[in-house]
Amino acid sequence: LVHVPVLRVAWIEQTNPLASASNEVLVTLSADCDVRGGSNVTVVGLVGSLTGDSSGLAIGGGSFASSGAWVQAGGALVVRVGSSGLGAFETYSFSFVLRNGAGGQASPAVSASAVIESEFGADGAPVALAAMNKSSGDAVGVSGGAAPLLVHVPGFWNKSIGQSIPFALSSNVISVTLAFDCVIAAGSNVTLTGLTGAASGDEGSLVVSGGSPFRGTGSWVRGSGEVVFGVVSAVGQGETHVLQITLRNGDAEQGARRVNASVVVPSAWGGDAGLSGVVGMDEATGDLLGVAGGS
């Protein structure tokens, strides 16, 4: 009697779809026969990652070796089964961390195969390559974001900015309205650039009003017109928050400045943060205090 082994369960999901971020990938497998310790499991198709080739990619999961071999070009990972082997029809999982690509992408097709080591000779039993079932769940507010190697570039649903007074040398309240298209984790930083021409000197503890989930102080760099807002607790997808800072206007006539916004979102699964693109803010255009376009 000859039995051709198959994977009866081949499931894959991810934790973090944000562009450039460290992302934990979880694989769950079950074979229809015993799998001897020392056998190899191969997952292919995880393309688009920034993680370079490695013969020692860290693997989590007690039933497997602590590291595997990763090839970036084909998105292939080979993981050795631990010495205790895998029981027939039992379910086992392992995890690993890859760095997502910098640009958005759909989840690629991912497949799994194995070679079951034989204790009676050099020839192992192949388990044919088969498409893996992928999670369709959401992750960090991204629809379908749990699908492996789906990449989402964090963005803004609202990114507007206006001011309270256009007069030279006046104290001027700058109001910034933000809403994000995904969850923005605690520890994230939102950076605005281009607020040039202000008279206010550099300040590492610029007062920020607006309250939680943003830090009560930010940093200000006069030369580049840069202000950084820190996030102290997670901001939900679509939540709208209005932040205000006070700067002193310069003494010279100038037109409205082009202000850009970006966000850096830390990952719970490694040192690489999720990165948005740099996008132009929507500046108020109304008249203010008799000045055309002064808002």
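Everything numeric in this text was worked out from a predicted model, so none of it was measured.

Scoring rules and cut-offs
- Residues numbered from 1 in each chain as written.
- Predicted model: local features only at pLDDT ≥ 70, side-chain atom pairs only at ≥ 80, totals over all residues.
- Heavy atoms only, no water.
- Phe/Tyr/Trp six-rings, centres within 6.5 Å; stacked < 30°, edge-to-face > 60°.
- Helix = DSSP H or I, 4+ residues; strand = E, 2+ residues; numbered from the N terminus.
- Buried < 20%, exposed > 50% of the residue type's maximum accessible area, 1.4 Å probe, protein only.
- Pairing = 2+ DSSP bridges.
- Core = buried A, V, L, I, M, F, W, Y, C linked by side-chain atoms within 4.5 Å.
- Contact = heavy atoms within 4.5 Å.
- Lys, Arg positive; Asp, Glu negative; His and termini not counted.
- Salt bridge = Lys/Arg side-chain N within 4 Å of Asp/Glu carboxyl O.
- Polar contact = N/O pair within 3.5 Å; in protein donor to acceptor, adjacent residues only side chain to side chain.
- Axes fitted to C-alpha atoms, helices over the stretch in contact; angles between N-to-C directions.

### What to know about the packing of aromatic side chains
The full count for this structure, using the stated rule, is three aromatic pairs. Ring plane angle 40 degrees and centroid distance 5.3 Å describe the contact between Phe-156 and Phe-180, whose orientation is recorded as tilted. With Phe-156 in strand 11 (residues 156-163) and Phe-180 in strand 12 (residues 171-180), this residue pair connects regions lying 24 residues apart in the sequence. Accessibility assignment for this pair places Phe-156 and Phe-180 in one class, buried. An aromatic cluster of three or more residues is present, and its members are Phe-64, Phe-94 and Phe-96.

### What to know about the pairing of strand 16 (residues 226-230)
Most of strand 16 is tucked away: four of the five residues are buried. Here strand 13 (residues 189-193) pairs with strand 16 via four bridges, running antiparallel. Considered in strand 16, the bridge of Thr-191 is made with Val-228. The antiparallel pairing of strand 15 (residues 217-221) with strand 16 creates a hairpin that spans four residues between the two strands, and Gly-225 there sits at a positive phi of about 60 degrees.

### Things to note about the nonpolar core
Burial of nonpolar side chains together is a common tendency in soluble globular proteins. By size, the foremost hydrophobic cluster in this structure holds 33 residues, and its most contacted members are Leu-178, Phe-180, Leu-192, Phe-214 and Phe-229. Only strand 11, strand 12, strand 13, strand 16, strand 17 (241-248) and strand 18 (260-267) provide two or more residues apiece to this core. When residues in this core are grouped by element, the largest group, four residues, is from strand 12. The contact partners of Leu-178, leaving out residues within four places of it in the chain, are Phe-156, Asn-158, Lys-159, Val-190, Phe-214, Glu-239, Thr-240, His-241, Leu-243 and Met-281. Val-27, Phe-64, Val-81 and Val-110 belong to the second-largest nonpolar core, a separate cluster that totals 30 residues.

### Considerations on the environment of Gly-74
Mapped onto the elements, Gly-74 comes out in the loop between strand 5 (67-71) and strand 6 (76-80). A sequence separation of 26 residues divides Gly-74 from Gly-48, and the C-alpha atoms of the two residues are 8.9 Å apart. Setting aside anything within four residues of it in sequence, one finds Gly-74 in contact with Val-44, Gly-45, Leu-46 and Val-47.

### Side note on the side chain of Asp-181
By the element assignment, Asp-181 lies in the loop between strand 12 and strand 13. For the buried Asp-181, no salt bridge exists, and the shortest N-O distance to an oppositely charged side chain is 11 Å, to Lys-159. In this structure the side chain of Asp-181 is engaged in a polar contact, spanning 3.1 Å, whose partner is the side chain of His-152. Among the polar contacts made by the side chain of Asp-181, one reaches the main-chain amide nitrogen of Gly-155 at a distance of 2.8 Å.

### Remarks on the sheet that holds strand 9 (residues 125-131)
The six strands are arranged 4-5-6-3-8-9 in an open sheet whose pairing can be described as antiparallel. Sheet topology places strand 4 (54-58) and strand 9 at the edges, where each strand pairs with a single neighbour. Across the sheet, the mean angle from the axis of one strand to that of its neighbour is 25 degrees, orientation sign disregarded. Of the strand pairs in this sheet, strand 3 (residues 40-44) and strand 8 (residues 111-116) are connected by five bridges, and their pairing is antiparallel. Pairing of Val-41 across the sheet is with Ala-114, part of strand 8.

On their own, these measurements won't tell you what the molecule is for.
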